Structure formats: C-alpha cells, structure tokens
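Structure at a glance
Listed below, chain by chain, are the residues.
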Amino acid sequence: MFTKLDIKLKRHNVTTEEFRGDHLATYGYISYYKIKKAYMILPFELFRLMPERVTWTEVDAKANLPHRDYGIKTNINVYVDPADALTTFFSIKEGAEAWTPDPTQFYPNLYHHKDLEVYDTFKAQPYEAFLLDVTQVHEVSGIVGDPRKIIQLSWATKSYQEILDALNLT
Ligand SMILES: [Fe+2]
C-alpha cells in the first residue's frame, strides 16, 4: 500500500516562496498549486516515470477521515514539511460500504473506522519520499502545525504496482 523510496533529492532547503506557483484548486482542506523549478529538487529518475501531474500541495486539516482519493490512483509524496503527521492505511472488513456526506456532489469514498483494520502506518521525515496507493483506504492524523507541504507527483491512469515496477524496486 506504500513504499518509502530511496531517492536523493537535489536540495533540501526548499521554501514555499521559491517553489509554490499559481493556485490551481482547493478542495476543502487541500490546496493544489503549480510548482516552480521542480527540476531543482527532483532527481531525473522521478521525471522518467512521467508523472501526469506535479503539484505543490498544502494540507490544512489537522486530520482527515479514512478515504480513497478521487480521480488519482498513485502518488509519490515528497514531504517538504510532513508536520509530524501519521499516515495510516487500512484493509476493509467484509461487507463494509463506503459513504459520502453529500451523495448529490460526491460518490462514496469515505469509510467508518469500525469497518476497517489498520494495515500499516508511517510517519515521514522532512524530504522523505513515499509511493502511495491512494486507491486503498487511508487517513492522516496527528498533524502538528499547519499546513503540511508536499511536492506531489500523481498518476490517474497508472497503478501503484506499475510505478513500483518502473522504479525497479520489485
Ligand atoms: Fe488521500
């Protein structure tokens, strides 16, 4: 469901002022921005994976509910400021159903904790990179300070396993 990547970033002194570009979209607690000068941070091996979107992503919430991501299958998150958050991935109990607070706006992608079992957790350190299967149910909690700042490479059409294979980690 996730893999810590053994990649070397080109630099670690990444500031919002230097790298956050134009605002793209905000959905609730998560805001997406263009990223400036990504080549100054990300190694070539990540561009070779042909990410379908690269954003500077900021997350304002102290916690979110267990969910599957909308529209995106796979992310590589480079945690510029992980805000000490804990990411938890879950497996789903037999027969559990997803829910949504507003069926007219969103298809069901949320889950109740009672329907879940913890599969695995991680706490990223600054500038660590993780490959995430966001089609699996996950949540973020325990955030200290706001917002979390993430350089995010995303794929809507490629699975976690395809990216993992491309990274030659298997
Ligand atoms: Fe998510």
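Below is a short write-up of the structure.

Now for the sheet that holds strand β6 (residues 86-92). Where strands meet in a sheet, backbone hydrogen bonds hold them as pairs that are either parallel or antiparallel. Reading across the sheet, the three strands line up as β7-β6-β9 and stay open at both edges, with antiparallel pairing between neighbours. One side of each edge strand has no neighbouring strand; the edge strands of this open sheet are β7 (116-122) and β9 (138-141). Within this sheet the neighbouring strands show an average axis-to-axis angle of 30°, counted without direction. Of the pairings in the sheet, the one linking β6 to β7 comprises six bridges and is antiparallel in character. Across the sheet, T88 pairs through a bridge with T121, a residue of β7.

Let's shift gears to unusual backbone geometry. If you check the backbone angles, A83 has positive phi at about 55° while not being a glycine. Take A83: it is sitting in the loop between β5 (74-81) and β6. On the basis of neighbour counts, which here come to 19 C-beta atoms within 10 Å, the residue A83 falls in the partly exposed class. One non-glycine residue, Y127, lies in the positive phi region at around 75°. Looking at where Y127 falls in the secondary structure, it is placed in the loop between β7 and β8 (129-133).

The next subject is the nonpolar core. The biggest cluster of nonpolar side chains holds 27 residues, and the ones touching the most others in it are I76, V78, V80, L131 and I151. With near-sequence residues (within four places) excluded, I151 lies in contact with I35, I41, W56, V78 and V80.

On the basis of which strands lie adjacent, the open sheet formed by seven strands has the order β1-β8-β5-β10-β4-β3-β2 and antiparallel pairing. A strand with exactly one partner marks an edge of an open sheet, and here the two such strands are β1 (2-5) and β2 (20-27). Across this sheet, the average inter-strand angle for adjacent strands is 30°, counted without regard to direction. Strand direction decides the pairing type here: strand β4 (residues 53-59) and strand β10 (residues 148-155), joined by seven bridges, are antiparallel. Looking at β10, one finds that T55 is bridged to Q152.

Following the sequence through the fold, T100 ends up in the loop between β6 and β7. The residues touching T100, leaving out its near neighbours within four places in the chain, are F106, Y107, P108, N109 and L110.

Structurally, N77 is set in strand β5. Note on N77: 23 C-beta atoms within 10 Å, which makes it buried. As for N77 and K4, which are separated by 73 residues in sequence, their C-alpha atoms are 9.7 Å apart. In contact with N77, not counting residues within four places along its chain, are A129, F130, L132, I150 and Q152.

Conventions adopted
Residues numbered from 1 in each chain as written. Predicted model: local features only at pLDDT ≥ 70, side-chain atom pairs only at ≥ 80, totals over all residues. Pairing = 2+ DSSP bridges. Helix = DSSP H or I, 4+ residues; strand = E, 2+ residues; numbered from the N terminus. Axes fitted to C-alpha atoms, helices over the stretch in contact; angles between N-to-C directions. Buried ≥ 20, exposed ≤ 12 C-beta atoms within 10 Å, placed from the backbone. Core = buried A, V, L, I, M, F, W, Y, C linked by C-beta atoms within 7 Å. Contact = placed C-beta atoms within 7 Å.

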